[in-house]
Amino acid sequence: MSGSKIEFKNPVLKWVEYRLPIFSFIDSSVGSGYPTPRNLSYWWNFGSLAGIVLAIMVVTGIVLAMHYTPHVDYAFLSVERIMRDVNYGWLIRYLHVNGGSMFFIVVYIHMFRGMFFGSYKEPRELLWIIGVFIILAMMATAFMGYVLPWGQMSFWGATVITNLFSAVPFVGEGIVQWLWGGFSVDNPTLNRFFSLHYLLPFVIFALVFVHLWALHEHKSNNPLGIDIKGPQDTIPFHPYYTVKDLYGLGWFMMFYLFFVFFAPDFFGEPDNYIEANPLVTPLHIVPEWYFLPFYAVLRAFTDEFWFFSWFMSWVMDAKLAGVVAMFASVLIIALLPWLDGNKVRSMRFRPLSWMFFLIFIADCILLGYIGAMTAEEPYVTIGQWATLYYFAHFLVIVPLVSRLEKTGQPPESIAAAVTKKTEEV
Amino acid sequence: MTDTASTASGKPEEGESRRDFLLLATSTVGAVGATLAVWPFVDQMNPAADTMALSSTEVDLSPIEEGQSITAVWRGKPVFLRRRTAAEIEQATKDDSASMPDPQTDAARVQKPEWLIMVGICTHLGCIPLGQKASDPKGEFGGWFCPCHGSHYDTSGRIRKGPAPKNLLVPPYTFVGDETIRIG
Ligand code: HEM
Ligand code: FES
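Rules used throughout
Residues numbered from 1 in each chain as written. Chains lettered and ligands numbered in written order. Predicted model: local features only at pLDDT ≥ 70, side-chain atom pairs only at ≥ 80, totals over all residues. Heavy atoms only, no water. Salt bridge = Lys/Arg side-chain N within 4 Å of Asp/Glu carboxyl O. Helix = DSSP H or I, 4+ residues; strand = E, 2+ residues; numbered from the N terminus. Buried < 20%, exposed > 50% of the residue type's maximum accessible area, 1.4 Å probe, protein only. Near = heavy atom within 4 Å. Polar contact = N/O pair within 3.5 Å; in protein donor to acceptor, adjacent residues only side chain to side chain. Domains from an automatic or database assignment. Contact = heavy atoms within 4.5 Å. Buried area = accessible area lost by both parts, 1.4 Å probe. Nonpolar A, V, L, I, M, F, W, Y, C, P; charged D, E, K, R; others polar. Donors = N, O, S within 2.8 Å, 3.2 Å for Na, K, Ca; no water. Tetrahedral: all angles 85-135°; square planar, octahedral: opposite > 155°, others 65-115°. Phe/Tyr/Trp six-rings, centres within 6.5 Å; stacked < 30°, edge-to-face > 60°. Lys NZ or Arg CZ within 6 Å of the ring centre and 35° of its normal. Patch = residues over 30% accessible without salt bridge, like charges linked within 9 Å, V, L, I, M, F, W, Y side chains within 5 Å. Areas by Shrake-Rupley, 256 points an atom, 1.4 Å probe, with all protein chains shown as cover. Arc of directions from axis to C-beta. Axes fitted to C-alpha atoms, helices over the stretch in contact; angles between N-to-C directions. Parallel < 35°, antiparallel > 145°, perpendicular 65-115°, else oblique. Pairing = 2+ DSSP bridges.

Description of the pattern of salt bridges
Alright, step 1. Per the stated rule, a full pass over the model turns up 15 salt bridges over all chains.
Alright, step 2. Linking D340 of chain A and K121 of chain A is a salt bridge whose minimum nitrogen-to-oxygen distance equals 3.2 Å. You can see D340 of chain A sitting in the loop between α14 (336-339) and α15 (351-372) and its partner K121 of chain A sitting in the loop between α5 (89-116) and α6 (125-147), a full 219 residues away along the chain.
Alright, step 3. With a closest N to O distance of 2.9 Å, D95 of chain B and R160 of chain B form a salt bridge. Taken together, the residues span a long stretch of sequence, with D95 of chain B in the loop between α4 (86-94) and β4 (115-119) and R160 of chain B in strand β7 (residues 159-161) at a distance of 65 residues. In this pair, the class of D95 of chain B matches that of R160 of chain B, namely buried.

What follows is the structure, given as structure tokens:
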């Protein structure tokens, strides 16, 4: 985020720039002074989309907070009031609710993009790890946000998830009461969740800043996964990628607003339009769709699960095993730079990895499906195998395949590859 | 300063180590102080005094018929009170020797065998098990069934099958009259 100073003719700009070089900073970060690989595909749109969604979430969220009441007796009613009485309240709430789902769609694609093109590899390991912190912070934010409308799913989702911590040996019960500020999910819990839900997006904002700082040090990776060798390999970010990002934004907004206007409750649960009742558990508790694969991992660990009883039951009970596995399923992503031992970044030159990458995506989708089902056969057994496969992908398949596979030969340079393509046409 | 002092004494290490000591002592005290100052910010999240004060509830048991259950609220949690049938009590004591995840005799879980009193919260992840109403599913052991992840509890509220690790918790309670109890 440093770079050459630009010269201004305009005396006001010149005056400001001399005292605070903000225009050079912008220019070298997202302007014509930032060199970008000339071959980025549309998969590279999702980072800036994630940033835009974050901004939309912050703006709509602040507006909602002007009308929302964080008290167990009023929370549900205040949300209904936003929907019915506040001018355009329905629009702002639906933008925020569906924006949450969009955020996860965009960031999940962004992450799979990184996996496919090997963007986590040297020298982008820290960039990747900061990304994993971002997704963790997003999950915490989304979880606490979902509690605020104080519907049945809000209440019971919060109860189930906070109870996860009771699995911790010895201090578990203490931790849970500390999280609740009482003996069950109640008013103190709602209040603190509101406070933290307001805070965390700004933490995410700071993390994104560090994420981009690391990105700009070594620049973006690209579909070929090879390094930038010189100016012939790059084009300036502005206007080439500002315009490409904007074009992508247009399509994205159509997708997003389709849900906002025509299917605003598509991602939601009808049970959340029933006010929270601490004495009645809904028959089927499901988390928001973006947590489903992780929820399936959590539920895979029962006393009857052979993997658990053979390998884990002597150190922990099934409940703790499920909790450990669920957190591990996110954290393990951070280890990818070291699990993958191949120097070639892009899977375009690694057909075997490519195939296993597709199977891995299918496994994640399968886990998501199982997470939405009730805890009955055949779902339980399928979920257990899908969970084992998830971890096997990271701990067995990626380390072995990346070290043993025969890779293709990536081109000499980005410029060479791009000009060859143009000649062919 | 350091230079002057050490040249004067002719032993530079001594002056240095004195300074090192002061630096170490000051930073230790500072670090300990800063750590202690964190505690109020952690502890404020624990249940507050007024929350702690709502700790006992009295329940009149007389309207409950044999084979019926009611749910009371204690500290914001549901408490199951069941007047068990003779068959249920017999089943529960017969199963004392069965293998289960959290072995406990039925006698250890009740004060009077007729009255089974437990916190109605699944020890897995906190859902409320079904089985209080006559029409509810009661699971494979005729007690309670938690629909969230499929835990089966028996007629003594002991976990018999499913992911929950512990039996339904028996809260502290005392009989204040023949048919009245105080929970808490
Ligand atoms: C709030 C969420 C996030 C925002 C706003 C964000 C933003 C961005 C932006 C603007 C870029 C540059 C454009 C691009 O390459 O697409 C980028 C790059 C990158 N991000 Fe993220 N990101 C987020 C979350 C994540 C997560 C969760 C991960 C992975 C665990 C991740 C991993 C990466 C990597 C590896 C790059 C470099 C990619 C490359 O150059 O190929 N990001 N991010
Ligand atoms: S909460 Fe009852 S089985 Fe999970």
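Points about the site of ligand 1
All names here are of chain A.
Alright, step 1. H110, S119, G131, H211 and N221 are the nearest of the 24 residues found near ligand 1.
Alright, step 2. At 2.6 Å, a side-chain N or O of H110 approaches a nitrogen atom of ligand 1.
Alright, step 3. At a separation of 2.6 Å, a nitrogen atom of ligand 1 approaches a polar side-chain atom of H211.
Alright, step 4. Secondary-structure elements contributing two or more residues to the shell around ligand 1 are α3 (46-65), α5, α6 and α9 (187-218).

Quick word on the domain arrangement of chain A
Residue and element names in this part refer to chain A.
Alright, step 1. Domains assigned within chain A are domain 1 (1-30), domain 2 (41-285) and domain 3 (292-425).
Alright, step 2. Relative placement of domain 1 and domain 2: their C-alpha centres are 33 Å apart.
Alright, step 3. At the junction of the two partners, domain 1 supplies 4 residues and domain 2 supplies 7 residues.
Alright, step 4. Interface of domain 1 and domain 2: buried area, both sides summed, is about 450 Å²; carbon and sulfur atoms make up 73% of it.
Alright, step 5. Run the count over domain 1 and domain 2 and you get 0 salt bridges.
Alright, step 6. Tallied by class, the residues present in the side of domain 1 that touches domain 2 amount to 2 nonpolar, 2 polar and no charged.

Let's talk about the coordination of the iron atom of ligand 1
Residue and element names in this part refer to chain A.
Alright, step 1. Surrounding the iron atom of ligand 1 are the protein donor atoms H110 (NE2) and H211 (NE2), at 2.1 Å.
Alright, step 2. Geometry at the iron atom of ligand 1 is octahedral, judged from the 6 donor atoms that bind it and their angles of 78 to 179° at the metal. One end of the pair, H110, is in helix α5; the other, H211, is in helix α9, and 101 residues separate them in sequence. The burial state of H110 is the same as that of H211; both residues are buried.

Thoughts on the packing of aromatic side chains
Alright, step 1. Overall, the coordinates contain 49 aromatic pairs over all chains when judged by the stated rule.
Alright, step 2. Plain terms: the ring middles of W310 of chain A and F311 of chain A are 6.2 Å apart, the flat faces sit at 75° to each other, and that makes the pair edge-to-face.
Alright, step 3. Overall, the relative accessible area of 58% leaves W310 of chain A in the exposed class.
Alright, step 4. Given a relative accessible area of 46%, F311 of chain A falls into the partly exposed group.
Alright, step 5. Three or more aromatic residues joined by ring pairs form one cluster here, namely F104, Y108, F255, F258, F259, F262, F266, F267, W289, Y290 and F291 of chain A.
Alright, step 6. Sitting above the plane of the W44 of chain A ring, R113 of chain A keeps its charged end 4.8 Å from the centroid.
Alright, step 7. Note that R75 of chain B overlies the ring of F183 of chain A, its terminal NZ or CZ placed 4.0 Å from the centroid.

Digging into a nonpolar patch on the surface
Residue and element names in this part refer to chain A.
Alright, step 1. A contiguous nonpolar patch, built from L20, I22, F25, I26, V30, F209, V210 and W213 and spanning about 720 Å² of accessible area, is present on the exposed surface.
Alright, step 2. Contributions of two or more residues to the nonpolar patch are made by α2 (22-30) and α9.
Alright, step 3. Here the nonpolar patch gets 4 residues from one element, more than from any other, and that element is α2.
Alright, step 4. Residue position: W213 is located in helix α9.

Brief notes about helix α8 (residues 172-180) of chain A
All names here are of chain A.
Alright, step 1. Of all the residues in α8, the buried ones are G172, V176, L179 and W180. Buried positions in α8, seen along its axis, are confined to an arc of 95° and lie on one side of it.
Alright, step 2. In this structure, the buried residues of α8 make contact with α7 (152-163) and α9.
Alright, step 3. Among the residues trailing α8, G181 stands out with phi positive, at a value near 70°.

Observations regarding the interface of chain A and chain B
Where the parts come together, the accessible area they lose is often given as the size of the interface.
Alright, step 1. Opposite the 27 residues of chain A that make contact, chain B presents 27 residues.
Alright, step 2. Buried surface at the junction of chain A and chain B, both sides included, amounts to about 2300 Å², of which 65% is carbon and sulfur.
Alright, step 3. Between the two partners, chain A and chain B, sit 0 salt bridges.
Alright, step 4. Linking chain A with chain B are 7 residue pairs in polar contact (both at pLDDT 80 or more), by the criterion used here.
Alright, step 5. If you list the elements that add at least two residues to the side of chain A that touches chain B, you get α7, α8 and α11 (292-300) of chain A.
Alright, step 6. Looking at the side of chain A that touches chain B element by element, the count peaks at 4 residues for α7 of chain A.
Alright, step 7. For the side of chain A that touches chain B, a count of residues per class yields 13 nonpolar, 8 polar and 6 charged.

Let's talk about the packing of helix α1 (residues 11-19) of chain A against α2 of chain A
Residues and elements named next belong to chain A.
Alright, step 1. Where α1 meets α2, the axes come as close as 7 Å, and the angle between the chain directions of the two elements is 85°. The angle between α1 and α2 falls in the class roughly perpendicular. In this structure, α1 contributes L13, V16 and E17 to the contact, and α2 contributes I22, F23 and S24.
Alright, step 2. In terms of residue class, the contact of α1 with α2 is made up of 4 nonpolar, 1 polar and 1 charged.

Description of the sheet that holds strand β5 (residues 142-146) of chain B
Residue and element names in this part refer to chain B.
Alright, step 1. Sheet architecture is open: 3 strands sit in the order β5-β6-β7, paired in antiparallel fashion. Either end of the sheet is taken by a strand with one partner, and the two such strands are β5 and β7. Averaged over all neighbouring strand pairs, the angle between strand axes comes to 35°, with direction disregarded.
Alright, step 2. The sheet contact formed by β5 and strand β6 (residues 151-154) spans 4 bridges and is antiparallel. Within β6, the residue paired with G142 across the bridge is D154.

Describing the domain arrangement of chain B
Alright, step 1. In terms of domain boundaries, chain B breaks down into domain 1 (12-46) and domain 2 (51-183).
Alright, step 2. Taking the mean C-alpha position of each, domain 1 of chain B and domain 2 of chain B sit 51 Å from one another.

Comments concerning the sheet that holds strand β1 (residues 57-60) of chain B
Residue and element names in this part refer to chain B.
Alright, step 1. The strand order across the open sheet formed by 3 strands is β1-β9-β8, and the pairing between neighbours is antiparallel. Looking at which strands have only one partner, the edges of the open sheet turn out to be β1 and β8 (173-175). Each strand axis lies, on average, 20° off the axis of its neighbour in the sheet, ignoring direction.
Alright, step 2. Relative to strand β9 (residues 180-183), β8 runs antiparallel, the two being bridged by 3 bridges. Among the inter-strand pairings, F175 is bridged to a residue of β9, identified as I181.

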